[in-house]
Amino acid sequence: MINLKDYSGRTLLHSAVEMEQTGVVKLLLRRGADVSARTRFGYSVMSRAVSAENENLVNILRAAGAEFAEPRMETVLHDAVSEDRFQRVKILLLAGARTEYRDYTGSTPLHVASRLGSARIARLLLSEGADPSLLDNSGLSPIAVAEQLKDVALIALFEEKLQLRPTQSGKM
């Protein structure tokens, strides 16, 4: 009964997360609610916590083993970056969105941040493992984009990241 679904495939846990009812979410989890349940349209319980931009619920669900999934999960981080929504980017990363996902142009979220000149989001993406040397379909890396735009703050940020990388031998 606890994992019963409505017409759209939502469970009680989906509903509790959408309504940001932390106590109810904890109770449902203790009672064995399925953290991997998805709606008919492919939305996970974690994606509902991300939509609510509720960092506390994301942490609770992550600790319970929930994973982020939604129909456009490969580009949802790109969208948040392009809208300059720092808090949403932060929560998406916390929920498990991947920094190496690419859009139809081969761009990563770091390419998008570079095009927009968003050093704050670029710094966050880099802290989560984004690679400033990955090339898009045009053969450009995020650092090359920053160089084209003459964005000295981003260039310095990317160069610092590239210099801090360990070499193949593991030395810096």
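All values derive from a computational prediction rather than experimental measurement.

A. Structural context of the overall build of the protein. Along the backbone of the protein there are ten helices and zero strands. Start at the N end of the protein and walk to the C end: the helices and strands fall as α-α-α-α-α-α-α-α-α-α. Counting only C-alpha atoms and orienting by the principal axes, one finds that the protein spans roughly 55 × 35 × 25 Å. Contacts in the protein between residues far apart in sequence, at least 24 positions, make up 61% of those at least 6 positions apart. Of the roughly 9300 Å² that the protein leaves accessible, carbon and sulfur atoms contribute 51%. Computed over 22 positive and 21 negative side-chain charges, the inter-centroid distance for the protein is 5 Å.

B. Quick peek at the environment of Asp-84. Within the secondary structure, Asp-84 sits in the loop between helix 5 (76-82) and helix 6 (86-95). For Asp-84 and Ala-97, which are 13 residues apart along the polypeptide, the C-alpha to C-alpha distance reads 16 Å. In this structure Asp-84 touches Ser-118 and Ile-121, once residues within four positions along its chain are discounted.

C. Layout of the confidence of the model for the protein. In the predicted model, the protein carries a mean pLDDT of 92, and the fraction of residues at 70 or more is 95%. No element of the protein has a lower mean pLDDT than helix 10 (residues 152-164), which averages 87, and none a higher one than helix 2 (residues 22-30), which averages 98. Contacts from residues 167-172, a stretch scored under 50 in pLDDT, to residues over four places away or in other chains number five contacts.

D. Focus on helix 7 (residues 109-116). With six of its eight residues buried, helix 7 lies for the most part within the structure. For helix 7, the full list of buried residues reads Pro-109, Leu-110, His-111, Val-112, Ala-113 and Ser-114.

Calculation rules
- Residues numbered from 1 in each chain as written.
- Predicted model: local features only at pLDDT ≥ 70, side-chain atom pairs only at ≥ 80, totals over all residues.
- Heavy atoms only, no water.
- Helix = DSSP H or I, 4+ residues; strand = E, 2+ residues; numbered from the N terminus.
- Contact = heavy atoms within 4.5 Å.
- Areas by Shrake-Rupley, 256 points an atom, 1.4 Å probe, with all protein chains shown as cover.
- Lys, Arg positive; Asp, Glu negative; His and termini not counted.
- Charge placed at Lys NZ, Arg CZ, Asp CG, Glu CD.
- pLDDT = per-residue confidence, 0-100.
- Buried < 20%, exposed > 50% of the residue type's maximum accessible area, 1.4 Å probe, protein only.

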